Amino acid sequence: MAPAFDVNSLEFKLPDLGEGLTEAEIVRWLVQVGDVVAVDQPVVEVETAKAMVEVPCPYGGVVTARFGEEGTELPVGSPLLTVAVGTPADTRAPEEPAERALRTAAEEESSGNVLVGYGTGAAPARRRRVRPTRAASPVPAAAPADRGPQRLPAYGDGPVPVISPLVRKLAREHGVELRELVGSGPDGLITRADVEAAIGAAATAATRAVTGQATGAAAGAGRAVASVVGLASGEAWEDTMAREVAALKTAAREDDELIRAGRAEARRQVEAGQEPTRAGIESRHPLTGIRGLVADKMARSRREIPEATCWVDADATELLAARAAMNGAVSAQANAATAAGDGQKVSLLALFARIAVAALGRFPMLNSTVDMEAREVRRFADIHLGFAAQTDRGLVVPVVRHAQSRTTASINAELIRLTEAGRSGKLTPGELTGGTFTLNNYGVFGVDGSTPIINHPEAAMLGVGRIVPKPWVHQGELAVRHVVQLSLTFDHRVCDGGTAGGFLRYVADCVEQPAVLLRSV
């Protein structure tokens, strides 16, 4: 006779994916109603204002319901799907503290806490976990205060006490077995700090390995896993991006056809002496996704930041010559290129980034933010350099972290990596946030100058225009030189014009005489 099962219906809600995101759009369902899913299996692909993410389900069981069709936008905390989880009725273990934490998180109506360690807003609980009535079980005796070495938890086949998909993903990417961890959170809940501690312990153990063979095998396994995961992820992103681009092109083509037809009809009516109807069509485009995020941030920046802009023209001829010399040396030493990026040709953007980092070292007040509630200016110790990049999904600002600790080659390699990830739609929320200063190369659009809006909550942005041949007085004689216009938009609450002008003048001096930069590197 088959054993009886108690069935629990667990509801999985859209988690807070971090960085204050409040909503996400369902791009593609990866499971159907009736499918059997495993713990941590991706079940839906969503698009936030910052990136596209595959969301894993923290439960294993049978999908009994899905909430929302593809293209539907859901707020954080809304139900995504429900999963029926069966456990043998006659072998039910006493309710463990970790299980009680999971039940509390699922049933608590006043909390939108879906992910541990992330911001949350209260969201109404539209569905609850259903738990059948069961006979009382003896409560295990309390453990003594001095427990000694912690034993591995016995989760068996039941749910692991983790309610954060990001924590599960972090553990999966680093090969951490969650069932072997003892949670430090309430009632044994496993938190991100627990997983990071396990990762650190594994890294320490690896460095102490005495045999190169073991180290090589581990590295090979890591590369194999990364290759497989990257391939699967890349295929999903490419399919999604291709579908998005095709849809946009189709919509634009249909709009153009309707507009041309309307204009032709209006021209005929005018020639016939009639009052034409309105030409073309009225279109409405919702401010969602990246476009909505950009609109919110730009409006907030203009509303809160009293910005000012100064600019200067600079002779970039010597900088172009220095870049050519660097890349010429790279070509000559291509066989000696290293994994640190020394074998890649240096872009102009990387040189401007390196100059901006050096200038921020001299004028650190521009690497700060303003907290009006505390009425203080907070200056950052690290320089996380953002750079504006235009993609098919709109304007994004990837961040080169700890730029002050990187060489020019390292900055160049990171710019290349982030740019490629942005074009393929693979940038993560963590790579799009946390910047302290932004570099905006609007010269790629063929324009000379601009007064950009500061990327809130930063305090300044350096703009670089196109480099074009112009007549220029060089060493007392008129000559044709390659000239670039530089601009600095800054928060006037952070500094006065003297600081901003000094920063921009130093940048211009480094552009005109790259040797000036050698004094600070």
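This section reports on the structure supplied with the text. (Residues numbered from 1 in each chain as written. Predicted model: local features only at pLDDT ≥ 70, side-chain atom pairs only at ≥ 80, totals over all residues. Heavy atoms only, no water.)

### Remarks on the overall build of the chain
Okay, step 1: Within the chain, the secondary structure is distributed over nine helices and 18 strands.
Okay, step 2: Within the chain, the fraction of its 521 residues that count as buried is 38%.
Okay, step 3: In the chain, the proportion of contacts linking residues at least 24 apart, taken out of those at least 6 apart, comes to 65%.
Okay, step 4: Accessible area of the chain: about 28,400 Å², with a carbon and sulfur share of 54%. (Helix = DSSP H or I, 4+ residues; strand = E, 2+ residues; numbered from the N terminus. Buried < 20%, exposed > 50% of the residue type's maximum accessible area, 1.4 Å probe, protein only. Contact = heavy atoms within 4.5 Å. Areas by Shrake-Rupley, 256 points an atom, 1.4 Å probe, with all protein chains shown as cover.)

### Things to note about the environment of P452
Okay, step 1: Assignment of secondary structure puts P452 in the loop between β16 (437-440) and β17 (460-474).
Okay, step 2: For P452, a relative accessible area of 8% gives the class buried.
Okay, step 3: For the pair P452 and L462, spaced ten residues apart in sequence, the C-alpha separation works out to 8.8 Å.
Okay, step 4: Aside from chain neighbours lying at most four places away, what touches P452 is E307, N440, M461, S487 and T489.

### Remarks on the sheet that holds strand β12 (residues 385-387)
Okay, step 1: Strand order in this open sheet of six strands is β9-β18-β17-β16-β12-β15, and the pairing throughout is mixed. Both outer strands of the open sheet, β9 (307-315) and β15 (399-400), are each paired with one neighbouring strand and no more.
Okay, step 2: Across three bridges, the pairing between β12 and β16 is parallel. Following the sheet pairing, L385 is matched in β16 by F437.
Okay, step 3: Taken strand by strand, helix α7 (residues 348-362) contacts β12, β16, β17 and β18 (477-491), and its axis lies near 145° from that of β16. (Pairing = 2+ DSSP bridges. Axes fitted to C-alpha atoms, helices over the stretch in contact; angles between N-to-C directions.)

### Observations concerning the packing of α7 against helix α8 (residues 408-423)
Okay, step 1: As a packed pair, α7 and α8 sit with axes 9 Å apart at the nearest point and diverge in direction by 125°. By the angle between their directions, the pair α7 and α8 is classed as oblique. The two elements α7 and α8 cross, and the hand of that crossing is right-handed. From α7, L349, A350, L351, A353 and R354 reach across to α8, where they touch T408, I411, N412 and L415.
Okay, step 2: Split by residue class, the contact of α7 with α8 holds six nonpolar, two polar and one charged. (Parallel < 35°, antiparallel > 145°, perpendicular 65-115°, else oblique. Left-handed = near helix turned anticlockwise from the far one by under 90°. Nonpolar A, V, L, I, M, F, W, Y, C, P; charged D, E, K, R; others polar.)

### Looking at a nonpolar patch on the surface
Okay, step 1: A surface patch of nonpolar side chains, amounting to about 290 Å² of accessible area, comprises V444, F445 and V447.
Okay, step 2: Residue position: V444 is located in the loop between β16 and β17. (Patch = residues over 30% accessible without salt bridge, like charges linked within 9 Å, V, L, I, M, F, W, Y side chains within 5 Å. Salt bridge = Lys/Arg side-chain N within 4 Å of Asp/Glu carboxyl O.)

### Quick notes on the nonpolar core
Okay, step 1: Core analysis: the biggest nonpolar cluster contains 53 residues, and F437, L486, F503 and V511 have the highest contact counts within it.
Okay, step 2: Of all the elements in the fold, those that place two or more residues in this core are α5 (289-304), α7, β12, α8, β16, β17, β18 and α9 (497-512).
Okay, step 3: If one sorts the elements of this core by residue count, α7 sits on top with ten residues.
Okay, step 4: Aside from chain neighbours lying at most four places away, what touches V511 is A314, D315, A316, L319, F352, I355, V484 and L486. (Core = buried A, V, L, I, M, F, W, Y, C linked by side-chain atoms within 4.5 Å.)

### A short note on the packing of aromatic side chains
What describes a pair of aromatic rings is the distance from one ring centre to the other and the angle between the planes of the rings.
Okay, step 1: What the rule picks out here adds up to two aromatic pairs.
Okay, step 2: With 6.4 Å between their ring centres and 75° between their planes, F363 and F503 make a pair best called edge-to-face. Of this pair, F363 sits in the loop between α7 and β10 (368-371) while F503 sits in helix α9, and the two are 140 residues apart along the sequence.
Okay, step 3: You can call F363 partly exposed: its relative accessible area is 21%.
Okay, step 4: Note on F503: relative accessible area 0%, which makes it buried.
Okay, step 5: For the pair F437 and F503, a centre-to-centre distance of 5.7 Å together with 50° between the ring planes defines the contact as tilted. With F437 in strand β16 and F503 in helix α9, this residue pair connects regions lying 66 residues apart in the sequence. A single burial state applies to F437 and to F503, both of which are buried. (Phe/Tyr/Trp six-rings, centres within 6.5 Å; stacked < 30°, edge-to-face > 60°.)

### Describing the side chain of T436
Okay, step 1: Secondary-structure assignment places T436 in the loop between α8 and β16.
Okay, step 2: Classification of T436 as buried rests on a relative accessible area of 2%.
Okay, step 3: Polar side-chain contacts of T436 include one of 2.5 Å to the side chain of N367.
Okay, step 4: What T436 contacts, discounting residues up to four positions off in sequence, is L366, N367, S368, F380, D382, I383, H384 and E458. (Polar contact = N/O pair within 3.5 Å; in protein donor to acceptor, adjacent residues only side chain to side chain.)

### Things to note about the sheet that holds strand β4 (residues 42-47)
Okay, step 1: Read from one edge of the open sheet, four strands run β5-β4-β2-β7, paired in antiparallel fashion. Only two strands of the sheet have a single partner each, and these edge strands are β5 (52-56) and β7 (73-75). Adjacent strand axes in the sheet meet at a mean angle of 40° when their direction is disregarded.
Okay, step 2: Here β4 runs beside β5; their pairing, made up of five bridges, is antiparallel. Its bridge partner lying in β5, E45 is registered against E54.

### Overview of α8
Okay, step 1: For α8, with 16 residues, the first-to-last C-alpha span of 23 Å sits near the 22 Å given by 1.5 Å per residue.
Okay, step 2: All of the buried residues along α8 are A409, S410, I411, N412, E414, L415, L418, A421 and G422.
Okay, step 3: Buried-residue contacts for α8 involve α7, β12, β13 (389-391) and β15.
Okay, step 4: Positioned one or two residues after α8, G425 has a phi angle of 75°, which is positive. (Expected span 1.5 Å × (residues − 1).)

### Notes on the packing of α7 against α9
Okay, step 1: Running from N to C, α7 and α9 cross one another at 140°; their axes reach a closest spacing of 9 Å. Classified by the interaxial angle, the pair formed by α7 and α9 is oblique. Seen along the crossing, α7 lies across α9 with a hand that is right-handed. Facing α7, whose interface residues are F352, I355, A356, A358, A359, L360 and R362, α9 presents F503, Y506, V507, C510 and V511.
Okay, step 2: Each residue belonging to the contact of α7 with α9 can be placed in one class, and the counts come to eleven nonpolar, no polar and one charged.

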